[in-house]
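An overview of the molecular structure
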Amino acid sequence: MRILLKDFTAITLEDPPVRAGVSIAVEDGLIARIAGSLDELPYPEREFDTVIPGKDKLVLPGFVNAHTHLAMTLLRGYADDLPLMEWLREKIWPLEAKLTPDDIYWGSVLGLCEMIRSGTTCFADMYFAMDRVARAVEESGLRALLSYGIIAPEPGEKLDRELKIAQEFIERFHNSANGRVRAAVSPHAPYTCHLRVWERAVELAHEHHILVHTHISETRTEVEEAQKRWGKTPVQYLRDLGVFEVPVLAAHCVHLTDEDIATLKAHEVYPVHNPTSNLKLASGVAPVWRLLQEGMVVALGTDGTASNNDLDMIEEIRLAALLQKGILQEATALPALEALKLGTAYGARALGWADMGTISVGKRADLVILETTGPHWVPDYDPVSQVVYAAKAADVTTVIVDGRIVMRDKEILTLDEERAKAEVKAFQRRHT
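Residues numbered from 1 in each chain as written. Predicted model: local features only at pLDDT ≥ 70, side-chain atom pairs only at ≥ 80, totals over all residues. Heavy atoms only, no water.

1. Some points on the side chain of Glu-96
As for its position among the elements, Glu-96 is in helix α1 (residues 84–96). As a buried residue without a salt bridge, Glu-96 has its nearest oppositely charged side chain in Lys-158, at a separation of 11 Å. Within polar-contact distance, the side chain of Glu-96 engages the side chain of Tyr-127 at 2.6 Å. Residues within four places of Glu-96 in sequence aside, it is in contact with Met-72, Leu-75, Tyr-127 and Phe-128. (Helix = DSSP H or I, 4+ residues; strand = E, 2+ residues; numbered from the N terminus. Buried < 20%, exposed > 50% of the residue type's maximum accessible area, 1.4 Å probe, protein only. Lys, Arg positive; Asp, Glu negative; His and termini not counted. Salt bridge = Lys/Arg side-chain N within 4 Å of Asp/Glu carboxyl O. Polar contact = N/O pair within 3.5 Å; in protein donor to acceptor, adjacent residues only side chain to side chain. Contact = heavy atoms within 4.5 Å.)

2. Here we look at a nonpolar patch on the surface
On the surface, a nonpolar cluster with roughly 270 Å² of combined accessible area is contributed by Trp-289, Ile-327 and Leu-328. Here Trp-289 lies in helix α10 (residues 288–293). (Patch = residues over 30% accessible without salt bridge, like charges linked within 9 Å, V, L, I, M, F, W, Y side chains within 5 Å. Areas by Shrake-Rupley, 256 points an atom, 1.4 Å probe, with all protein chains shown as cover.)

3. Here we look at the packing of aromatic side chains
This model, assessed by the stated rule, comprises five aromatic pairs. Centre to centre, the rings of Tyr-105 and Trp-106 are 4.9 Å apart; their planes meet at 75 degrees, and the pair counts as edge-to-face. By relative accessible area, Tyr-105 is classed as buried at 7%. You can call Trp-106 buried: its relative accessible area is 14%. A cation sits over an aromatic face here: Arg-2 above Tyr-43, 3.5 Å from the ring centre. (Phe/Tyr/Trp six-rings, centres within 6.5 Å; stacked < 30°, edge-to-face > 60°. Lys NZ or Arg CZ within 6 Å of the ring centre and 35° of its normal.)

4. Some remarks on the packing of helix α2 (residues 101–117) against helix α15 (residues 417–430)
Put simply, α2 and α15 touch, their axes get as near as 9 Å, and they point 130 degrees apart. Taken as axis vectors, α2 and α15 run oblique relative to one another. The crossing of α2 and α15 is left-handed. Of the residues in α15, those touching α2 at Asp-103, Trp-106, Gly-107, Val-109, Leu-110, Cys-113 and Arg-117 are Glu-417, Arg-419, Ala-420, Lys-421, Glu-423, Val-424, Phe-427 and Arg-430. Of the residues that constitute the contact of α2 with α15, the class distribution is seven nonpolar, one polar and seven charged. (Axes fitted to C-alpha atoms, helices over the stretch in contact; angles between N-to-C directions. Parallel < 35°, antiparallel > 145°, perpendicular 65-115°, else oblique. Left-handed = near helix turned anticlockwise from the far one by under 90°. Nonpolar A, V, L, I, M, F, W, Y, C, P; charged D, E, K, R; others polar.)

5. Some remarks on helix α6 (residues 220–230)
Inspection of α6 places Glu-222, Val-223 and Ala-226 among the buried residues, and these make up the whole buried set. Looking straight down α6, one finds its buried side chains confined to an arc of 95 degrees; they lie on one side. Turned more than 90 degrees from where α6 packs its buried face, Arg-220 and Lys-228 sit exposed. Where α6 is buried, its residues contact β11 (212–216) and α7 (234–240). Of the residues trailing α6, Gly-231 is marked for its positive phi of about 75 degrees. (Arc of directions from axis to C-beta.)

6. Comments concerning the pairing of strand β17 (residues 404–408)
Two strands pair when backbone bridges link them, and strand β16 (residues 396–401) and β17 are joined in this way by three bridges, in the antiparallel orientation. Within β17, the position partnered with Ile-400 by the bridge is Ile-405. Adjacent in sequence and paired antiparallel, β16 and β17 are bridged by two residues, among which Asp-402 carries a positive phi angle near 55 degrees. Of the pairings in the sheet, the one linking β17 to strand β18 (residues 411–412) comprises two bridges and is antiparallel in character. (Pairing = 2+ DSSP bridges.)

7. Structural notes on the pairing of strand β15 (residues 367–371)
Along any regular strand the residues' side chains alternate between the sheet's two faces. Within β15, four of the five residues are buried, leaving the element largely enclosed by the surrounding structure. Judged from the five bridges that link them, strand β5 (residues 57–61) and β15 form a sheet pairing that is antiparallel. Pairing of Leu-58 across the sheet is with Leu-370, part of β15. Sheet analysis places β15 next to β16, joined by four bridges and oriented antiparallel. Following the sheet pairing, Leu-370 is matched in β16 by Val-396.

8. Some words on helix α3 (residues 130–140)
Listed in full, the buried residues belonging to α3 are Met-130, Arg-132, Val-133, Ala-134, Ala-136, Val-137 and Ser-140. Structurally, α3 contributes buried residues whose contacts are with α2, β7 (120–127), β8 (143–150), α4 (157–173), β9 (181–183) and β17. At the C-terminal side of α3, Gly-141 shows a positive phi close to 90 degrees.

9. Re the nonpolar core
Ranked by size, the top nonpolar core spans 130 residues in total, and within it Trp-87, Leu-146, Leu-340 and Leu-351 carry the most contacts. Looking at this core, the element that brings in the most residues is α2, giving nine residues. Discounting residues that sit within four places of it in the chain, Leu-340 has contacts with Ile-11, Leu-13, Leu-60, Phe-63, Ile-317, Val-384, Val-387 and Val-388. (Core = buried A, V, L, I, M, F, W, Y, C linked by side-chain atoms within 4.5 Å.)

10. Brief notes about the environment of Thr-305
With respect to the helices, strands and loops of the structure, Thr-305 is situated in the loop between β14 (299–300) and α11 (313–328). For the pair Thr-305 and Arg-290, spaced 15 residues apart in the sequence, the C-alpha separation amounts to 27 Å. Not counting the four nearest positions on each side in its chain, Thr-305 is found in contact with Met-72, Thr-73, Arg-76, Gly-77, Glu-114, Asp-310 and Leu-311. Within the structure, the side chain of Thr-305 is placed 3.0 Å from the backbone nitrogen of Thr-73, a separation counted as a polar contact.

11. Some details on the environment of Arg-46
Residue placement: Arg-46 occurs in the loop between β3 (30–35) and β4 (50–53). Measuring from C-alpha to C-alpha, the distance between Arg-46 and Leu-4 comes to 9.9 Å, with 42 residues separating the pair along the chain.

Nothing here speaks to function; it is all geometry.
In structure tokens form, the structure reads like this:
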């Protein structure tokens with residue numbers, strides 16, 4: 001399918017980061033040409049299947065949500081204003097034990113609709129009944145790194161069963177949906193997984209050339225308990241187990257020592273900042289500015305909607321920028337352009353999709369179009385600053401993934417949003 005984005009202002013995240021008055025030709029899922037005039041296009045306008053005019057619009061790379069638990073839309077608002085471990089043990093885990101595969105599917109569809117409407121084109125998800133999540137992702141047209149979340153603190157039959165489920169998911173779904181779905185291996189966290197889980201996870205990562213996706217050093221209590229149990233921080237514990245010898249996507253990384261930071265940098269681990277979730281659960285704020293200063297690639301995620309309570313990456317980007325400025329009392333700590341890269345280009349690199357995340361010829365055509373007619377867009381001195389500090393999820397009008405339009409003029413074309421809302425409301429009635 002050939003798509004022409006005609007006469008747009010584009011935030012390319014290349015050099016220069018913003019280009020005005022360009023037309024973008026999309027063909028076979030790729031950005032085929034970025035033209036300063038229609039004469040530079042590979043085909044006449046009439047030979048494109050779809051032409052999208054750029055008047056009062058802005059195009060940028062799709063947002064990358066590098067850590068979430070998609071089907072937790074089912075638990076949105078179920079248990080708020082509690083500390084993490086009480087929230088997990090007394091509220092979240094007991095209700096999750098009652099979820100059926102159908103519940104997971106419809107919760108995922110609802111979350112996918114929410115992500116499409118707010119401009120997310122790619123995400124990393126860790127949960128269970130992941131075959132149903134994969135089905136929903138394939139139907140949606142989005143791009144995802146999916147993994148079964150392994151929880152097995154003790155050796156035995158449960159541990160073996162968890163590893164088998166994880167391995168079977170990887171073998172079945174890695175590089176499925178025409179390459180839009182990839183698999184990872186996901187021990188939940190150091191404190192919820194026996195060392196045998198970590199050893200096997202590393203083996204699976206080597207065997208299938210995939211990432212490990214996990215939670216690390218989310219709370220101060222987690223780090224203190226690790227020191228008591230192993231005499232080392234969670235980062236040092238995983239380092240000594242050899243986990244960082246494979247690519248690792250490390251959600252949270254809030255409480256890090258200088259040695260931890262040096263270790264993560266040396267092993268090219270990808271930290272994922274989750275500002276809203278970490279604030280809401282009173283976990284703290286990751287030292288993003290320090291990590292960036294060290295030259296690390298930091299991604300950005302929403303976490304699940306039970307601890308956020310939405311999947312809005314525009315909100316996440318803005319909060320990430322503001323937090324670093326406020327904590328450091330330094331207005332230049334995380335500039336708008338760098339903050340936007342956390343939620344786009346850096347996220348793409350962290351998830352292993354080097355061929356996306358910017359608008360440049362040859363990259364995957366994962367694009368988001370925002371309408372700029374609202375009062376909060378006027379005046380518009382700097383499009384990057386406008387997106388980071390003023391834009392709203394409601395400004396997203398059109399979403400393109402892999403050269404396919406999944407939402408056009410705010411109409412989702414791939415999923416039944418009304419059915420998903422009805423099914424999740426029915427779930428709520430059954431459990432309240």
